[in-house]
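Remarks on the overall topology
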Amino acid sequence: MKTKTIFTCQKCGYQSAKWLGKCPDCQGWNSFVEENYQDQLSVQEQIRPVLNVEPILLKDVASRETERYKTKIKELDRVLGGGIVLGSVTLIGGDPGIGKSTISLQISNNLSLDNYKVLYVSAEESTSQTKLRADRLGAHGKDKLYIVNQVDLGFILEYIKKIKPDFVIIDSIQVIFDSRISSSPGSVSQVRECAGILTQTAKLSGIPIFIIGHVTKEGAIAGPRVLEHIVDTVLYFEGERYSTYRMLRVVKNRFGSTNEIGVFEMGLNGLKEVENPSQIFLQERPKNVSGSSVTCILEGTRPLLVEIQALVSKAGFGYATRKAQGIDYNRLSLLVAVLEKRLQLHLETQDIFVNIAGGIKVTDPAVDLALVFAVASGFLEKPIPEDLVMLGEVGLASEVRSISNMQLRINEIERMGFKRIIMPKNNLKGLDKKNKIELIGINSIKEAMEAIW
């Protein structure tokens, strides 16, 4: 076989026969690196398992419940769908210092205390550095937690074969390399092939593997996008690095829901679960201040109350500025346009800054109504009543559309002590009559404004 030279984009994995200054797929500049094509093919041939598996009818496949390991971290178990599935591969991503290695070591310690054998591959830190972190977290692992500082995939596979652990953590995939591939560690070829081999090992042996992945400045897992397609579950840590609270969001899960979120608090002894996140997000909410509203979002099966803050001030010069933190900028621009057109609020000369308090990122359309009135309140200098929560999706004609799981949201709002809810009129149908909270149904933004002020 002739040796072929290809050029691979280190951002998205796009391949070309010649060097290109700009990647036609991800539009990245100067991201192509020369690689040996023959080496990659030979590696794939060597790692391809010889399995004699014949197709069978679906009706003949035996149904069985998936066996899971409990990590004793309730927030994590719920995000994973009930625990760690045997033979699964989970990818954890997040900004540097946000808690990826911390939670991995906590998981290792909890599993080892449950008499499971754990192998922690600390590729970026020495065993003594990992020991220092373990002492700080109080993670000793008894006689079941093994730690090794190794970056060669071949040795790691030998350790797995020798120790036969029940659980493996790779920290991190960007520094692991296979000596049979000519490219440097962290390149597309190395990340893709090493992840593929580890995934294959997990499936054949039934050993669950956690892989930690670095995040780029754009917020994506460093390396090819195919890395996320290879694994079974992808978890992202959200939140500011210097903030106390962290959100663990699942964006892919073959064994559970993809809309769950776990809330943690970072302390001196590691990450601690937050059992009542709604109270955490609202505990520092200012009183009798314009530009502040409360809504209830739904993250999987969990309702969360969050505060939306809006600051509206006259633009000093040039074009008005629009800034959004925790919510889509395009959604903010659309709702501001609705206010200008339908309610004749002159916002074209106003700078508008919107923030979701607590560092959480919101995609639920139920926040639209609260966002609209946070901006309107900031502009008109009229505070929104403290005992009021607003729910509803806003359309371009200023209509307020119905949202899902209203009863679940109402129960959470009532539990947090609020007295009134402004909500879509269509959602009033079929609700529990026993709710003590006042429900105000509206069809448009104008009706909501009359009900509030």
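Here we summarise the structure given alongside this text.

About the thresholds
- Residues numbered from 1 in each chain as written.
- Predicted model: local features only at pLDDT ≥ 70, side-chain atom pairs only at ≥ 80, totals over all residues.
- Heavy atoms only, no water.
- Salt bridge = Lys/Arg side-chain N within 4 Å of Asp/Glu carboxyl O.
- Helix = DSSP H or I, 4+ residues; strand = E, 2+ residues; numbered from the N terminus.
- Buried < 20%, exposed > 50% of the residue type's maximum accessible area, 1.4 Å probe, protein only.
- 1 Å grid on protein atoms, 1.4 Å probe; cavity = no way out; pocket = protein on both sides within 12 Å on 5 of 7 lines; lining within 4 Å.
- Points joined across faces, edges and corners; volume = space filled by probe spheres on them.
- Nonpolar A, V, L, I, M, F, W, Y, C, P; charged D, E, K, R; others polar.
- Polar contact = N/O pair within 3.5 Å; in protein donor to acceptor, adjacent residues only side chain to side chain.
- Contact = heavy atoms within 4.5 Å.
- Phe/Tyr/Trp six-rings, centres within 6.5 Å; stacked < 30°, edge-to-face > 60°.
- Expected span 1.5 Å × (residues − 1).

Some remarks on the pattern of salt bridges
Under the counting rule described, the total for this entry stands at 18 salt bridges. For Arg409, the salt bridge identified is with Asp364, shortest N-O distance 3.0 Å. With Arg409 in helix H11 (residues 406–415) and Asp364 in the loop between strand E18 (350–356) and helix H10 (368–380), the pair connects residues that are 45 residues apart, well separated along the chain. The class for Arg409 is buried, based on a relative accessible area of 1%. Residue classification places Asp364 among the buried residues on the basis of a relative accessible area of 12%. Bridged by salt links that share partners, the residues Glu75, Arg78, Glu260 and Arg302 form one connected network.

A word on the layout of surface pockets
Put simply, the largest pocket is a space of about 430 Å³. Surrounding the largest pocket, 21 residues form its lining, Asp95, Phe237, Glu238, Gly239 and Lys361 being those nearest its centre. Those elements giving two or more residues to the lining of the largest pocket turn out to be strand E11 (233–238), strand E12 (245–253) and E18. In terms of residue count, the dominant contributor to the lining of the largest pocket is E11 (three residues). In terms of residue class, the lining of the largest pocket is made up of eight nonpolar, eight polar and five charged.

Let's talk about the side chain of Asn253
Residue position: Asn253 is located in strand E12. Residue Asn253 is classed as buried on the basis of its relative accessible area of 8%. Among the polar contacts made by the side chain of Asn253, one reaches the main-chain amide nitrogen of Gly256 at a distance of 3.5 Å. Every residue in contact with Asn253, bar those within four places of it in the chain, is listed here: Val79, Leu80, Gly81, Asp232, Thr233 and Thr258.

Considerations on the packing of aromatic side chains
By the definition in use, this model includes four aromatic pairs. Consider the rings of Phe373 and Trp453, whose centres lie 5.9 Å apart with planes at 55°: the pair is tilted. One end of the pair, Phe373, is in helix H10; the other, Trp453, is in the segment after helix H12 (445–452), and 80 residues separate them in sequence.

With respect to helix H6 (residues 188–205)
With 18 residues, H6 should reach 26 Å at 1.5 Å per residue; the first-to-last C-alpha distance of 26 Å fits that figure. Taken as a whole, H6 has its buried residues at Val188, Ser189, Gln190, Val191, Arg192, Glu193, Cys194, Ala195, Ile197, Leu198, Thr199 and Ala202. Phi for Gly206, located one or two positions after H6, is positive at around 80°.

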